[in-house]
Amino acid sequence: MIETYSQPSPRSVPAGLPVSMKIFMYLLTVFLITQMIGSVLYAVYLHRRLDKVEEEASLREDFIFIKKLQRCIKEEGTLPLINCKDLKRQYEDPVKDIRLNTEEKKENSYEMQKGDEDPQIAVHVVSEANRKTASVLQWAKKGYYTMKNNLVMLESGKQLTIKRQGLYYVYTQVTFCSNQEPSSKDPFLVSLCLKSTSGSERILLRAANTHSSSKPCGQQSVHLGGVFELQEDSSLFVNVTDASQVIHGIGFTSFGLLKL
């Protein structure tokens, strides 16, 4: 007779942690995070509080120092427990440094503003009689003569040389005797010319006037003026067809420029 035995099936083990353990772990995590945040906030507050306490202590020391200084000023010689000389020296040294720094900053600011300002450049010269029959007019360093700045130079008495690049208003007036017998039948021409740094020359402005047969000398004037961008070391001069007909003197023939 065969007897069979059936083994009981094993019990299933529940997977994962129990619910109570999960709740405990969650609360522990929240507590730790809250404690960390609170510690950081408290450290920030404590740091700021210490800074404020140090500032208040410093102000209190300054206040005590000022009170002692006032007593020294009012009752000098009658305070044996306070060294007034040391107090005055401690006060005068920083005040002197502050004053020097302030004055230096003002000077630097003034120099910067002064350096930033565009210098005023203006020139006006009158003609001078030239024994030679050169066509380029000669200008005198006397009479009604203006040289506002050394950034423009009158070289060889003939040309104005620019020492600073910029925008300039250039003008000239030439008065001539229109009834003198001209060397040719061509009209009297006045040219305002530019000589570049490379040595090349070109005409900026030109005007013509016809001769007259009236007597005595029929005075006529030609006026030229314009705005030009001039380069450093470039030169300006005035050229005429017949320099012997030009009338010289204040108010007749002049040449000048103004930096804009």
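Numbering of residues starts from 1 in each chain and follows the order in which that chain's sequence is written. Restriction of local features to residues with pLDDT of at least 70 applies here, the model being predicted, together with a cutoff of 80 or more for giving and counting side-chain atom pairs; totals for whole chains, interfaces and linings are based on all residues. With hydrogens and water stripped out, all remaining heavy atoms of the structure feed into the side-chain values.

This paragraph deals with the pattern of salt bridges. Opposite charge on two side chains allows them to pair when their charged atoms are near. When a carboxyl oxygen of Asp or Glu lies within 4 Å of a side-chain nitrogen of Lys or Arg, that pair is called a salt bridge. Per the counting criterion, the structure on display carries one salt bridge. As a salt-bridge pair, Asp233 and Lys163 come within 3.3 Å of each other at their nearest N and O atoms. With a gap of 70 residues between them, Asp233 in the loop between β9 (219-230) and β10 (235-240) and Lys163 in the loop between β5 (159-162) and β6 (166-177) connect regions that are remote in the sequence. For every residue, the accessible area (1.4 Å probe, protein chains only) is compared with the maximum for its type, and the residue is labelled buried under 20%, exposed over 50%, or partly exposed between those bounds. With a relative accessible area of 39%, Asp233 lands in the partly exposed category. Starting at the N terminus, helices and strands are each numbered in turn, a helix being any DSSP run of H or I of at least four residues and a strand any DSSP run of E of at least two.

What you see with β5 is no split at all: Gln159 and Thr161 on one side and Leu160 and Ile162 on the other are buried throughout. When strand β4 (residues 152-155) meets β5, the two strands line up antiparallel, connected through four bridges. Across the sheet, residue Met153 finds its bridge partner in β5, namely Thr161. Between β4 and β5, which pair antiparallel and follow one another directly, the connecting turn spans three residues, one of which, Ser156, has a positive phi of 60°. Pairing between two strands is assigned when DSSP locates at least 2 bridges connecting them.

Moving on: the UniProt feature "transmembrane region" (unreviewed entry) in the chain. UniProt positions are given in the numbering used here, feature names are shortened, and annotations may be inferred rather than shown by experiment. Within the UniProt annotation, "transmembrane region" (unreviewed entry) is assigned to residues 23-45. Between the first and last C-alpha atoms of residues 23-45 the distance is 33 Å; the span itself is 100% helix and 0% strand.

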